Amino acid sequence: MHNALRVNEIVYAILQHVKSSKSDLRNMAMTCSAFSNLALDMLWSQQDSLAPLTQCLPRDTWKVWWDDFMDFSREPLPTEWERVRINAARIRELVFTGNTSRSPNPSGQIIQQLFELFPPAVLFPRLRTLHFNTVSRHWRNFSSELSLLRQFLSPRLERLAYYIESRVPMREVEQLFDAIFTQAPGLQQLSLHSAHKLSACPSKVPKLPKKLNVLSIGTLRMDLMKQIIPDIQHLRSLQTLTLALGKSVDMVFQPPGGMPLELSTLKHLYLTGARLENCTSFLHKIVMPQLSVLEISYHTATGPAEITAVIKSLSTSCKTFAFLENITVVDYSENPSEELGPDDQLHSSIFRPLLRFRRLSSVKFIDIGKYCLDDAFIEDVAVAWPDLRTLTFASNVPGEYQVTLTSVLSLATRCKSLHDLHLTFDATPFPTLPRAPDGNLELWTTQTTLCKLHVGHSKVSEASHLHLFLAVLFPNLADLKYCLHFNGLSAWIKLDKAWSELLIERENFSDEAASWPNFLLQLQP
């Protein structure tokens, strides 16, 4: 064996090239002793179930029932658990991936005996990440579930996710918060969610580990949320906060002295509520001077007044306009179009306050209502957000066609980083071409970044020659989409076909394609 393979750093660098394949890591582990330990460490590092671990027992100690249930066929000897212990010590992450269909699944008896022999904190000395449902899915004794979770807590644990069952007594929830605070002081990421109703509210305010930089909570009882949220401002490392705000129309807490809570280090905020007002109320009561990402979702259809309120709230909650880069607002109500009236249009004036946030690179409003944007707003967007990468005003209902093809082409060519555009506009007339300093007509400059264009319910006609503009101005456009259920569908299918033919022609006849810009200049009425 070459001496270089005696250096762990070199072996580790080699294994980096195969770590994405479990079969390759397994083969490397069996190649020679130089690779074995490090390859096995990588192979076991992340697991989504305890099944592979329990299958390290000798094959004659367990049997499979109904193809997916593993139980003892005989009692394993104490020494036969050693391989289980060795491999458990390699696990750094027990993470729920959603792909835990691996069978057979160990019975509760096997899991119970495993933890009786080896307490979890001893069995997993390297564990840094725990999604507790990777364990609880094998654990049938719900009455002692929280007791088992507390046994996993250690100063080494950095990330914990747990769903609190509604039937769990509140005294056990209190004990869990106390245990997290005292036994897992190094916790950096915590996710606690629950059913809508717990049996009672804690008698004392839960404490949160001070090193948390990622916190996700909800939907907890509103009175429990009321106790937890004020403590968030004391988390001086908190950068990401996710809150599910439940069904209450008003937010669940009042800041002490009427002053807003300042989350001075927060950079990412994700809010979801039954109603948009839940989210707006929360934003009115906090200050986030460094916020860069805001995502809001709600499940009850709303109107222009509520959309206006949430956008205006950003001016006070963000405090400055220098940091916000991404904003997303999504309406998940089932049939929002059925509740929209003729006066429920979302005009450009509603969104204009966002133009003060000059670093915005992703702006997405999805199914929040019926848009009525105008050219002046679209032109101002190109000036206010020069680093724009994604712009989405998506709706499942047609809006007013006040945005023209001229302003859309101007926006898309001036924002050189724009990658994804979703906008409804009027593409029936030929656009008004810009003029050069000498007064002559010219085309907009070529933009090579745009890859995805969704035109929603836009109107189009052959007179606009949009297919030719797309081929000339956006040579890397690869994905053109439109709504499939509206009166203008046939026109878009025809344009899509014409655009696809131009792409083939450009590939095969580059000299012919070079004449297209001049052809467009001659078409200006």
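Thresholds applied
- Residues numbered from 1 in each chain as written.
- Predicted model: local features only at pLDDT ≥ 70, side-chain atom pairs only at ≥ 80, totals over all residues.
- Heavy atoms only, no water.
- Buried < 20%, exposed > 50% of the residue type's maximum accessible area, 1.4 Å probe, protein only.
- Helix = DSSP H or I, 4+ residues; strand = E, 2+ residues; numbered from the N terminus.
- Pairing = 2+ DSSP bridges.
- Contact = heavy atoms within 4.5 Å.
- Axes fitted to C-alpha atoms, helices over the stretch in contact; angles between N-to-C directions.
- Parallel < 35°, antiparallel > 145°, perpendicular 65-115°, else oblique.
- Left-handed = near helix turned anticlockwise from the far one by under 90°.
- Phe/Tyr/Trp six-rings, centres within 6.5 Å; stacked < 30°, edge-to-face > 60°.
- Lys NZ or Arg CZ within 6 Å of the ring centre and 35° of its normal.

Caption draft 1: Molecular detail of helix α9 (residues 145-152). The buried count for α9 comes to six of eight residues, which makes it a mostly enclosed element. Among all positions of α9, only Glu145, Leu146, Leu148, Leu149, Arg150 and Phe152 are buried.

Caption draft 2: Broad picture of the pairing of strand β7 (residues 159-164). Where strand β6 (residues 129-131) meets β7, three bridges bridge the pair, whose relative direction is parallel. Its bridge partner being in β7, Thr129 is matched across the sheet by Arg159. As defined by bridge partners, β7 adjoins strand β8 (residues 189-194) across six bridges and the pair is classed as parallel. Bridge pairing links Leu160 to Leu190 in β8.

Caption draft 3: How the structure looks around helix α17 (residues 466-473). The buried fraction of α17 is high, at eight of eight residues. Buried within α17 are the following residues: Leu466, His467, Leu468, Phe469, Leu470, Ala471, Val472 and Leu473.

Caption draft 4: Here's a closer look at the side chain of Ser361. Mapped onto the elements of the fold, Ser361 is located in the loop between α14 (348-351) and β17 (362-366). If sequence neighbours within four positions are ignored, Ser361 has contacts with Glu325, Asn326, Asp387, Leu388, Arg389 and Thr390.

Caption draft 5: Highlighting the packing of helix α12 (residues 276-284) against helix α13 (residues 304-317). For the pair α12 and α13, the least separation of the axes is 9 Å and the interaxial angle reads 20 degrees. Here α12 is positioned roughly parallel relative to α13, judged by the angle of their axes. When you trace α12 past α13, the crossing you get is left-handed. Contacts from Leu276, Glu277, Thr280, Leu283 and His284 of α12 reach α13 at Glu306, Ile307, Ala309, Val310, Ser313, Leu314 and Ser317.

Caption draft 6: Structural view of the packing of aromatic side chains. Inspection of the entire model under this criterion finds 16 aromatic pairs. Both rings, one in Phe351 and one in Tyr371, keep their centres 6.3 Å apart while their planes meet at 50 degrees; by these two values the pair is tilted. Of this pair, Phe351 sits in helix α14 while Tyr371 sits in strand β18 (residues 370-372), and the two are 20 residues apart along the sequence. Given the relative accessible area of 0%, Phe351 is considered buried. We classify Tyr371 as buried; its relative accessible area is 8%. Residues Phe351 and Phe393 carry aromatic rings whose centres are separated by 5.1 Å and whose planes lie at 80 degrees to one another, so their mutual orientation is edge-to-face. With Phe351 in helix α14 and Phe393 in strand β19 (residues 390-394), the pair connects residues that are 42 residues apart, well separated along the chain. The structure contains a cluster of three or more aromatic residues connected by ring pairs, namely Phe115, Phe124, Phe132, Phe152 and Tyr162. A cation over an aromatic ring shows up here: Arg59 above the ring of Trp62, its NZ or CZ 3.9 Å from the ring centre.

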